[in-house]
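Listed below are the residues making up each chain.
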Amino acid sequence: MSSLNLDDFTDLIERPDGGVRRDAEARRERQIVPPGSLGRLDDLGEWLAAAQGRVPVRPIERPRLVLFAGDHGVAELDVSARPAGSAADLVREVLEGARPAAVLARRLGVPVRVVDMALDCEPDAFPQDVVRHRVRRGSGRIDVEDALTPEEAEAAFRAGMAVADEEADSGTDLVVLGDVSVGGTTAAGVLVAALCGTDASVVTGRGGLAIDDLAWMRKCAAIRDALRRARPVLGDQLQLLATVGGADLTAMTGFLLQCAVRKVPVVLDGVVAAACALVGQRIAFRAPDWWLAGHASGEPGQAKALDRMALEPLLDQGVRVGEGAGALSALPLVQAAAALAAELPERDGTPSGGPADAEKDGQGERGERDGQAEQGAETEATEQAGAAQRTEQGEQAGAAQRTEQGEQAEQRERTA
């Protein structure tokens, strides 16, 4: 019996800090660029602030690309354009810097970590830091058998949790999550169809290296058969991963949940990462608040899973190659959002219409009234002085006229 209690994640995972997000929104209101004018970058900056629990947001300085690798037995049915058991070749090219994700990572200055969970090769084919979490050689053929034993499923899940703890402890501030697998999109399609209650044809895509119509029909049939085996164990997510997932997908699910526990934001790549995130949502409903959908890969299963989790892709450039390349392309957008939220200056004082402006307006009105009163007083004093002067002049003129009239009367009297 497993000692791993997945119900604990419901209690351990909290949502990003809502109070901090409101503070970030308030700060955004005070910045010189009008709110909403930066579009999705505004939302990303506020989300990052809530995830980090601080305002202003810190710049994204230590991102990491983490790729979980594995081969899937279902690839023996020719459901992939790549040969079964060839994921090790892809891993080797990633480590040598020859894959698109490796080129982008190098250009962006992002370290790459590959975790072998079930590659179909000898353990000594890669360095110890790649293979030390390995669970088995290849996962089982899910249309007719379980991908993992219960013990292997628990080991893979715990390995994913351990990798998340290692990244959090090393200071990684954002993870770009992808996979390197052959047959992985088939397993992912089964998980999405089972959790969304849909048919195989709705979630069957053509993969990173596009398959032809005949291969698509074989892939759809494999998903249909595996789906019959998945439905009876839908109530037990770890058993579901053991039945139709695989070591890499199981580890990715554990990784995603533990990143949410450790409050490390994650950018999801393609359909495999989205399927694991969907399983994680079933385990802990608050966990998707810590994840971003990096891009739309064109896989119908990815679109279905993201819609169920209400995650909107940052980019839609038709990148189907996998290995984290599409999500890495979205990383500069996330970094730009953090920089803008942190570095845009605020307007001087309180925004127009705020209390300070109202006080200034009141002071101006009072000053204007005082000036008018003062001017009125001066006018009144001037008018009073003029009136007094006119009165005095009138009185003097009247006195002079009376004196003159008296003298004339006196002179006439003497003449008479």
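Only a predicted model underlies this, so the values are computations on that prediction, with no experimental measurement involved.

Conventions used here
- Residues take numbers from 1 onward in each chain, read along the sequence in its written order.
- The predicted nature of this model means local features are confined to residues of pLDDT at least 70 and side-chain atom pairs, given and counted, to a pLDDT of 80 or more, with totals for whole chains, interfaces and linings taken over all residues.
- Only hydrogens and water are removed before side-chain values are computed, so all heavy atoms of the structure are retained for them.
- Put simply, DSSP marks the helices as runs of H or I at least four residues long and the strands as runs of E at least two long, and each gets a number from the N terminus on.
- Note on classification: 1.4 Å probe, protein chains only; a residue is buried when its accessible area is under 20% of the maximum for its type, exposed when over 50%, partly exposed between these limits.
- By definition, residues are in contact when any of their heavy atoms lie within 4.5 Å.
- A 1.4 Å probe and the Shrake-Rupley method give the accessible areas. Residues count as covered only by the protein chains that appear here.
- Should DSSP find at least two bridges between two strands, the strands are regarded as paired.
- By the criterion applied in these results, polar contacts are pairs of N or O atoms within 3.5 Å in which, for protein atoms, one can donate a hydrogen and the other can accept it, and in which residues neighboring in sequence qualify only through two side-chain atoms.
- The aromatic pairing rule takes the rings of Phe, Tyr and Trp, using the six-membered ring of Trp, and pairs them if the centres are within 6.5 Å, calling planes under 30 degrees apart stacked, those over 60 edge-to-face and the rest tilted.
- All axes here are fitted lines through C-alpha atoms, helices being fitted over the stretch that makes contact, and every angle between N-to-C directions spans 0 to 180 degrees.
- An angle below 35 degrees is read as roughly parallel, one above 145 as roughly antiparallel, one from 65 to 115 as roughly perpendicular, and any other as oblique.
- Here a crossing is taken to be left-handed if its near helix is turned anticlockwise relative to the far helix by less than a right angle, and right-handed if that turn runs clockwise.
- Classification used: nonpolar for Ala, Val, Leu, Ile, Met, Phe, Trp, Tyr, Cys and Pro, charged for Asp, Glu, Lys and Arg, polar for all others including Gly.
- Here, the term nonpolar core denotes a set of buried Ala, Val, Leu, Ile, Met, Phe, Trp, Tyr and Cys residues that are joined through side-chain atoms within 4.5 Å.
- Think of a salt bridge as a Lys or Arg side-chain nitrogen and an Asp or Glu carboxyl oxygen that are within 4 Å of each other.

## Thoughts on the overall build of the protein chain
Along the backbone of the protein chain there are 16 helices and five strands. The buried share of the protein chain, taken over its 416 residues, is 47%. Within the protein chain, residue pairs in contact and separated by at least 24 positions form 75% of the contacts whose partners lie at least 6 positions apart. As displayed, the protein chain offers around 19,600 Å² of accessible surface, 47% of which is attributable to carbon and sulfur atoms.

## Quick notes on the environment of G197
Structurally, G197 can be placed in the loop between α8 (184–196) and α9 (200–203). With 34 residues separating them in the primary sequence, G197 and R231 have C-alpha atoms 9.0 Å apart.

## Digging into the pairing of strand β1 (residues 63–71)
With eight of its nine residues buried, β1 lies for the most part within the structure. Bridging between β1 and strand β3 (residues 174–182) involves nine bridges; their strand directions are parallel. Residue F68 lies in a different strand from β3, and its bridge partner there is D179. Taken together, the six bridges between β1 and strand β2 (residues 112–118) define a ladder with parallel strand orientation. If you follow L65 over to β2, its bridge partner there is V112.

## Some details on the side chain of D143
Looking at the secondary structure, you find D143 in the loop between α6 (128–131) and α7 (150–169). Polar contacts involving the side chain of D143 include one to the side chain of R141, which spans 2.8 Å. Ignoring any residue separated from it by four or fewer positions in sequence, one finds D143 in contact with L77, A222, D225, A226 and R229.

## Describing the pairing of β3
Judged by how many residues are buried, β3 sits mostly within the fold: nine of nine residues are covered. Of the two faces of β3, the one carrying L174, V176, G178, V180 and V182 and the one carrying V175, L177, D179 and S181 are both buried. Pairing geometry for β3 and strand β4 (residues 266–268), over three bridges, is parallel. Bridge assignment links V175 to a residue of β4, and that residue is V266.

## A short note on the packing of aromatic side chains
Enumeration according to the criterion identifies two aromatic pairs in this entry. Taking the centre distance of 5.5 Å and the plane angle of 65° together, the rings of F68 and F255 count as edge-to-face. Remark: F255 occurs in helix α12 (residues 247–261) and F68 occurs in strand β1; sequence separation between them is 187 residues. Just as F68 is buried, F255 falls in that class too.

## Here we look at the packing of α7 against α12
One can describe the packing of α7 onto α12 by two numbers: an axis separation of 7 Å at closest approach and a directional angle of 45°. In terms of orientation, α7 and α12 fall into the oblique class. Taken as a pair, α7 and α12 cross one another with a handedness that is right-handed. Listed contacts from α12 to A153, A156, F157, G160, M161, V163, A164, D165 and E167 of α7 are A247, T250, A251, T253, G254, F255, L257, Q258 and C259. Within the contact of α7 with α12, the residues separate by chemical class into eleven nonpolar, five polar and two charged.

## Section: the packing of α12 against helix α13 (residues 271–283)
In contact at an axis separation of 9 Å, α12 and α13 are set at 55° when each is read in the N-to-C sense. When the axes of α12 and α13 are compared, the pair comes out oblique. Every pair of crossing elements has a handedness; the one defined by α12 and α13 is right-handed. Across the interface between the two elements, L249, M252, T253, L256 and L257 of α12 pack against V272, A273, C276, A277, V279, G280 and I283 of α13. A class-by-class count of the residues in the contact of α12 with α13 yields ten nonpolar, two polar and no charged.

## Concerning the nonpolar core
Counting 79 residues, the largest nonpolar core has F9, F68, F157, F255, L268 and W291 as the members making the most contacts within it. In terms of residues, this core owes the most to one element, α13, which gives ten residues. Once you skip the residues sitting within four places of it in the chain, W291 turns out to touch W47, L256, L257, V266, L268, A277, G280, Q281, M309 and L311. In this structure, V20, L67, L119 and A330 belong to the second largest nonpolar core, which totals 43 residues.

## Things to note about the pattern of salt bridges
Under the counting rule described, the total for this entry stands at 26 salt bridges. A salt bridge links R15 to D289, with the shortest nitrogen-to-oxygen separation between them at 2.3 Å. Linking R15 in the loop between α1 (8–12) and α2 (18–30) with D289 in the loop between α13 and β5 (291–293), this pair joins segments that are 274 residues apart in sequence. A residue is classified by how much of its surface remains accessible, and R15, at 44% relative accessible area, is partly exposed. Overall, the relative accessible area of 26% leaves D289 in the partly exposed class. In this structure, E166 engages R113 in a salt bridge whose closest nitrogen and oxygen atoms are separated by 2.4 Å. Linking E166 in helix α7 with R113 in strand β2, this pair joins segments that are 53 residues apart in sequence. Judged by its relative accessible area of 11%, R113 is buried. Through salt bridges that share partners, R64, R113, R132, E166 and E167 make up one connected network.

These values are about where atoms sit, not about what they do.
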